[in-house]
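The primary structure of each chain is shown beneath.
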Amino acid sequence: MVIDQAIINRAGRVLIARKAVLDEYMIESLKKMGVPGIYIREGEEEPEDEEKAPQVPKAIQEKYEKVKVEDPAKVKLSDSVRKRVAEGLKFLYQEVDSESFTDTIKTVTGDLVKAIDDNSAIAVDISALKVSDEYTFKHSVDVAAMSMIVAKRYGFTDKQVYEIGISGLLHDIGKSQIPNELLNKAGRLTDEEFALMKQHSVFGYRILMPKEELSNDIKMGVLQHHEKINGRGYPLGVDMKQLNLFARVISISDIYDALVTERPYKKPFSPRDAVEMIMSMTSELDIDVMRCFMESVILYPVGTDVALSNGETARVIENSPLSMLRPKVMGLTTGRIYDLANDLGCANVIIL
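Reading guide: rules and limits
- Residues numbered from 1 in each chain as written.
- Predicted model: local features only at pLDDT ≥ 70, side-chain atom pairs only at ≥ 80, totals over all residues.
- Heavy atoms only, no water.
- Helix = DSSP H or I, 4+ residues; strand = E, 2+ residues; numbered from the N terminus.
- Rg over C-alpha atoms; globule rule 2.2 N^0.38 Å.
- Buried < 20%, exposed > 50% of the residue type's maximum accessible area, 1.4 Å probe, protein only.
- Contact = heavy atoms within 4.5 Å.
- Areas by Shrake-Rupley, 256 points an atom, 1.4 Å probe, with all protein chains shown as cover.
- Lys, Arg positive; Asp, Glu negative; His and termini not counted.
- Charge placed at Lys NZ, Arg CZ, Asp CG, Glu CD.
- Core = buried A, V, L, I, M, F, W, Y, C linked by side-chain atoms within 4.5 Å.
- Pairing = 2+ DSSP bridges.
- Salt bridge = Lys/Arg side-chain N within 4 Å of Asp/Glu carboxyl O.
- Axes fitted to C-alpha atoms, helices over the stretch in contact; angles between N-to-C directions.

Engineer: Describe in detail the overall build of the protein chain, supporting the description with residues and values.
Structural biologist: Scanning the protein chain from terminus to terminus reveals 13 helices and six strands. The C-alpha radius of gyration of the protein chain comes to 22 Å, within 12% of the 20 Å expected for a compact globule of 352 residues. With the principal axes as the frame, the protein chain shows a C-alpha extent of 60 × 60 × 40 Å. Here the protein chain, with 352 residues, has 45% of them falling under the buried criterion. Long-range contacts, defined here as pairs at least 24 residues apart, represent 61% of the contacts in the protein chain between residues at least 6 apart. In the form shown here, the protein chain has an accessible surface area of approximately 18,500 Å², with 50% of it arising from carbon and sulfur atoms. In the protein chain, 45 side chains carry a positive charge and 55 a negative one; their mean positions are 3 Å apart.

Engineer: So what about the nonpolar core? Which residues, and what values?
Structural biologist: Among the nonpolar cores identified, the biggest contains 78 residues, and Val75, Leu170, Tyr256, Ile278 and Phe293 are the most heavily contacted of them. The leading source of residues in this core is helix H5 (residues 135-154), at 10 residues. Setting aside its immediate chain neighbours within four residues, Leu170 contacts Leu92, Phe101, Ile105, Leu208, Leu214 and Val222. Ile3, Ile7, Ala20 and Leu30 belong to the second largest nonpolar core, which has seven residues in total.

Engineer: With reference to specific residues and values, describe the pairing of strand E4 (residues 313-318).
Structural biologist: For strand E3 (residues 305-307) and E4, the ladder comprises three bridges, and the chain directions are antiparallel. Across the sheet, the residue bridging to Val306 is Ala314, located in E4. The pairing of E4 with strand E5 (residues 328-331) spans four bridges and is classified as antiparallel. Note that in E5 the partner of Arg315 across the bridge is Met330.

Engineer: Could you give me a rundown of the pattern of salt bridges, with the residues and numbers involved?
Structural biologist: Any two side chains of opposite charge can pair, so long as their charged atoms come close to each other. Counted under the stated rule, the structure contains 17 salt bridges. Taking the shortest distance from any N to any O, the salt bridge between Lys90 and Asp23 comes out at 4.0 Å. Highlighted residues: Lys90 in helix H3 (residues 79-94) and Asp23 in the loop between strand E2 (14-16) and helix H1 (24-32), separated in sequence by 67 residues. You can call Lys90 buried: its relative accessible area is 18%. On the basis of relative accessibility, which here comes to 30%, the residue Asp23 falls in the partly exposed class. Between Lys31 and Glu28 there is a salt bridge; the shortest N-O distance is 3.6 Å. Within this pair, Lys31 and its partner Glu28 are both found in helix H1, separated by three residues, close to a single helical turn. A relative accessible area of 55% places Lys31 in the exposed class. Within the structure, one salt-bridge network assembled from shared partners comprises Glu65, Lys68 and Glu70.

Engineer: Account for the sheet that holds strand E6 (residues 337-339), with residues named and values stated.
Structural biologist: As summarised here, the arrangement of the four strands in space is E3-E4-E5-E6, forming an open sheet in which the pairing is antiparallel. Pairing within the sheet leaves two strands with one partner each, and these edge strands are E3 and E6. Averaged over all pairs of adjacent strands, the angle between strand axes in this sheet comes to 40°, irrespective of strand direction.

Here it is in structure tokens:
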């Protein structure tokens with residue numbers, strides 16, 4: 001059955017998205033929540049009004065096709081891979097003591113590695129990665145995919161890229177030990193609640209510690225992903241000298257994805273604002289990893305329409321890995337090309 005309504009909790013969190021295909025897990029969860037009934041879809045789907053793309057004069061469209069430069073290859077996940085990854089992560093969070101835990105995480109990570117290798121991906125657009133409406137699973141895949149791409153650019157071996165994918169997917173596994181009412185609390189956490197929440201990385205490390213098939217780097221990435229190079233992170237307050245490289249990579253991916261994602265207790269930041277916040281954290285984050293991150297994440301994919309501060313709507317024609325916030329764009333009414341990164345005449349023009 002296809003559900004014809006979104007199931008949203010009191011905190012405004014989407015638990016089941018409209019148009020999702022119901023499975024036994026969803027149905028049992030609805031029963032446990034006390035939902036007495038739902039609407040399902042029957043008959044033919046009614047056409048929805050699609051947002052109309054801006055009308056572009058033919059001459060400008062032809063010019064755009066000539067000057068655009070395609071983005072570097074990005075991570076792409078097929079529908080079947082998305083489903084396998086989401087189901088695999090759901091199992092891992094529910095069955096942390098299962099004998100098949102390690103085999104499952106290796107299979108899920110293998111799917112991500114294959115998606116990267118099949119596309120020769122060297123960049124990531126997280127808006128295109130969505131595997132689930134469930135925040136925990138989506139966030140885990142986003143962090144893993146970004147961490148793997150950043151690790152490749154940093155110079156990790158293939159084995160290390162694979163292992164940081166495992167660590168990224170499991171970085172929040174300790175939250176499986178945190179009560180749901182605390183994870184989903186819409187208001188500010190009390191000091192006691194926040195102290196418990198900060199222990200999730202320790203809980204995750206303890207879950208993985210007895211699993212001898214997983215390397216120490218994987219486990220330390222999970223334990224230390226909230227630590228900072230200045231020693232002001234948690235749970236142990238270690239500094240750069242003791243901070244594992246896996247954790248330094250995962251930390252930036254984790255911060256970025258958390259900032260741009262809407263949660264019950266906060267509105268999402270724009271990708272631009274999130275990147276600027278990360279750029280301001282040079283005393284907390286590894287600067288070399290930050291540089292690799294900036295060169296790997298695409299904020300405005302080629303073909304994206306953006307609003308400029310001068311009032312014109314423009315379309316992205318080329319990205320620069322060194323200037324992710326200021327791509328080259330073309331005005332859709334004037335045909336003017338704005339090289340936001342290199343043209344001093346465009347210094348006062350920004351993407352809104």
